[in-house]
Amino acid sequence: MAMFRDYDPARDHAAVRRIWRETGWIPAGKEAVMEREIQCGRTMVAEINGEAECMVNNLPGVIRYLDEDLSFVGVGAVGTSRIARKQGLAKRLTALA
């Protein structure tokens, strides 16, 4: 059973990098892109057997509508490792985040 929790850089960095590589989001050597996105928002992970296997990153923003600024949060990234796919983790974690 998966446990959902906030991303912990010291604990989850390598696992999230692995997930991003498995999904093809970043080639080796381009991890700085991942770092910037994670630092700009809130990231949550689904942990299986002590390892992050699914991640969701939300990014804050502002939309200007007429004379008013409206805050929003958008989903910036969702990734699931190969071993955690087809379990509904991405859907459940995204809804929670």
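Report follows, based on the coordinates. Given the structure is predicted, the values throughout are model-derived calculations rather than measurements.

A few words now on unusual backbone geometry. The backbone phi angle of asparagine 49 is positive, close to 50°, even though this residue is not glycine. Relative to the helices and strands, asparagine 49 resides in the loop between β2 (42–48) and β3 (51–65). The class for asparagine 49 is exposed, based on a relative accessible area of 80%. One non-glycine residue with positive phi stands out, namely leucine 66, at about 55°.

What links the strands of a sheet is backbone hydrogen bonding, and the strands pair in either a parallel or an antiparallel sense. Taken together, four strands build an open sheet; the order of strands is β1-β2-β3-β4 and the sheet is antiparallel. Bordering the open sheet on either side are β1 (3–6) and β4 (68–80), each of which pairs with just one other strand. Mean inter-strand twist for the sheet, computed between neighbouring axes without regard to direction, equals 25°. Of the pairings in the sheet, the one linking β1 to β2 comprises four bridges and is antiparallel in character. Across the sheet, the residue bridging to arginine 5 is valine 45, located in β2.

The next point concerns the environment of glycine 41. Structurally, glycine 41 can be placed in the loop between α2 (31–40) and β2. According to the relative accessible area criterion, glycine 41 is partly exposed, its value standing at 27%. As a C-alpha pair, glycine 41 and asparagine 58 span 17 residues in sequence and 5.4 Å in three-dimensional space. Leave out the neighbours within four places in its chain, and glycine 41 touches Asn57, Asn58, Leu59 and Pro60.

Tyr7, Ala15, Val16, Ile19, Trp20, Ile26, Met34, Ile38, Val45, Ala52, Met55 and Ala77 form the largest nonpolar core, which has twelve residues in total. At the level of elements, α1 (9–22), α2 and β3 are the ones that each hand at least two residues to this core. Non-local contacts of tyrosine 7, meaning those with residues more than four positions away in its chain, are made with Asp12, His13, Val16, Ile38, Thr43, Met44 and Val45. Ranked by size, the runner-up nonpolar core spans nine residues in total, among them Ala2, Ala46, Ile48 and Leu89.

Rules behind the numbers
Residues numbered from 1 in each chain as written. Predicted model: local features only at pLDDT ≥ 70, side-chain atom pairs only at ≥ 80, totals over all residues. Heavy atoms only, no water. Helix = DSSP H or I, 4+ residues; strand = E, 2+ residues; numbered from the N terminus. Buried < 20%, exposed > 50% of the residue type's maximum accessible area, 1.4 Å probe, protein only. Pairing = 2+ DSSP bridges. Axes fitted to C-alpha atoms, helices over the stretch in contact; angles between N-to-C directions. Contact = heavy atoms within 4.5 Å. Core = buried A, V, L, I, M, F, W, Y, C linked by side-chain atoms within 4.5 Å.

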